Amino acid sequence: MPVDRGGMGSMMGSTSGRGHSPAGPDGTVLATFAVAGASAAAPGPVPAQPAQRDLRAAAVTAHREQVFAMDMGMNGGGTASGMMNFTINGSAFTADRVDTTVPIGAIEEWTLRNTSPMDHPVHLHVWSMQIIEQAGRPVDNPEWQDVVNVPARSSVRVRIAFEDFSGKTVYHCHILDHEDSGMMGLIEAR
């Protein structure tokens, strides 16, 4: 459904003081919640999870670089469109192209490089990433994340164990406008 994200005043869930969700461009209210009744009991503690293995000493089967970039776009006629292009390795997302193919069971090391002037929180669906190095400095303790912030004009090195899933999924910038403007790739594990 098309959504008018509006200006800064309507970002981050602002309701413009009306007490309900703002209407979309076609007049549709996207969500309204009314909560009533007694408060529920607080949930119990989350059970301890087994520690993920440390991949820093693991044999790496492949090295890849994913370059997250943005620039002023060009429309099909070669003139400036005034819109930003958000790309990974020079390409904007298209659903009919597999950007990365990995074998099941592989442990890969990816360098996530950001050439743009703003941060890009990179999210890989299905598999966690173990941070190995940030801004050229090795990390002291294993850090597993499914979203890794790649600061402006910097890089982060991660290792990924491609296990327990075969099929297609995506990796992308977790800033919705960047993802929607092309900063997403399709990955297939087989």
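Residues numbered from 1 in each chain as written. Predicted model: local features only at pLDDT ≥ 70, side-chain atom pairs only at ≥ 80, totals over all residues. Heavy atoms only, no water.

As for the confidence of the model for the chain
Link 1 in the chain: When pLDDT is averaged across the chain, the result is 84; 83% of the residues are at 70 or more.
Link 2 in the chain: Within the model, pLDDT remains below 50 along residues 7-18, and this stretch shows five contacts once partners closer than five positions in the same chain are excluded.
Link 3 in the chain: Under a pLDDT of 50 for its full length, residues 75-81 has, in the predicted model, six contacts with residues more than four places off or in other chains. (pLDDT = per-residue confidence, 0-100. Contact = heavy atoms within 4.5 Å.)

Focus: the pattern of salt bridges
Link 1 in the chain: For the structure shown, the criterion picks out eight salt bridges.
Link 2 in the chain: Measuring nitrogen to oxygen at the nearest pair gives 2.9 Å for the salt bridge that ties Arg-53 to Glu-163. Of the two residues, Arg-53 sits in the segment before β1 (62-74) while Glu-163 sits in the loop between β9 (154-161) and β10 (167-173), which places them 110 residues apart along the sequence.
Link 3 in the chain: Using a relative accessible area of 43% as the deciding quantity, one classes Arg-53 as partly exposed.
Link 4 in the chain: A salt bridge links Arg-159 to Glu-109; its shortest N-O distance comes to 2.6 Å. A residue pair is termed long-range when its members are at least 10 positions apart, and Arg-159 in strand β9 and Glu-109 in strand β4 (residues 107-114) qualify at 50 residues. Across the pair, Glu-109 and Arg-159 agree in class, each one buried.
Link 5 in the chain: Salt bridges linked by common partners bring Glu-109, Glu-133, Arg-157 and Arg-159 together as one network. (Salt bridge = Lys/Arg side-chain N within 4 Å of Asp/Glu carboxyl O. Helix = DSSP H or I, 4+ residues; strand = E, 2+ residues; numbered from the N terminus. Buried < 20%, exposed > 50% of the residue type's maximum accessible area, 1.4 Å probe, protein only.)

Regarding the nonpolar core
Link 1 in the chain: One finds Trp-110, Leu-112, Val-158, Ile-160 and Ile-187 to be the most contacted residues of the largest nonpolar core, which totals 24 residues.
Link 2 in the chain: At three residues, the largest contribution of residues to this core is made by β9.
Link 3 in the chain: Every residue in contact with Ile-160, bar those within four places of it in the chain, is listed here: Leu-55, Ala-106, Ile-107, Glu-108, Trp-110, Leu-124, Trp-127, Ser-128 and Met-129. (Core = buried A, V, L, I, M, F, W, Y, C linked by side-chain atoms within 4.5 Å.)

Re the environment of His-120
Link 1 in the chain: Locating His-120 in the fold gives a position in strand β5 (residues 120-124).
Link 2 in the chain: Of the residues examined, His-120 reaches a relative accessible area of 0% and is grouped as buried.
Link 3 in the chain: Along the sequence, His-120 and His-172 sit 52 residues apart, while their C-alpha atoms lie 9.0 Å from each other.
Link 4 in the chain: In this view, His-120 contacts Phe-68, Met-70, Phe-86, Asn-114, Val-148, Asn-149, Val-150, Cys-173, His-178 and Met-183; residues no more than four positions away in its chain are not counted.
Link 5 in the chain: A distance of 2.8 Å separates the side chain of His-120 from the side chain of Ser-116, its partner in a polar contact. (Polar contact = N/O pair within 3.5 Å; in protein donor to acceptor, adjacent residues only side chain to side chain.)

Quick look at the side chain of Ser-154
Link 1 in the chain: With respect to the helices and strands, Ser-154 occurs in strand β9.
Link 2 in the chain: Residue classification places Ser-154 among the buried positions, given a relative accessible area of 17%.
Link 3 in the chain: Not counting residues within four places of it along the chain, the set of residues in contact with Ser-154 comprises Leu-112, Arg-113, Asn-114 and Ala-135.

Section: the packing of aromatic side chains
Link 1 in the chain: Counted according to the given criterion, the structure contains four aromatic pairs.
Link 2 in the chain: An aromatic cluster is built from Trp-110, Trp-127, Phe-162, Phe-165 and Tyr-171, whose rings are joined through pairwise contacts. (Phe/Tyr/Trp six-rings, centres within 6.5 Å; stacked < 30°, edge-to-face > 60°.)

Some thoughts on the sheet that holds strand β8 (residues 147-150)
Link 1 in the chain: The strand order across the open sheet formed by five strands is β3-β11-β10-β5-β8, and the pairing between neighbours is mixed. A single partner strand is all that each edge strand has here, and the edge strands are β3 (100-102) and β8. Taken pair by pair, the neighbouring strands of this sheet meet at an average axis angle of 25°, ignoring direction. (Pairing = 2+ DSSP bridges. Axes fitted to C-alpha atoms, helices over the stretch in contact; angles between N-to-C directions.)

Describing the side chain of Ser-116
Link 1 in the chain: With respect to the helices and strands, Ser-116 occurs in the loop between β4 and β5.
Link 2 in the chain: Reaching out from Ser-116, the side chain makes a polar contact with the side chain of Asn-114 at a distance of 2.7 Å.
Link 3 in the chain: Engagement of the side chain of Ser-116 in a polar contact is seen with the backbone oxygen of Met-118, the distance being 3.1 Å.
Link 4 in the chain: Look past the residues within four positions of Ser-116 in its chain and what remains in contact with it is Phe-68, Met-70, Ala-152 and Arg-153.

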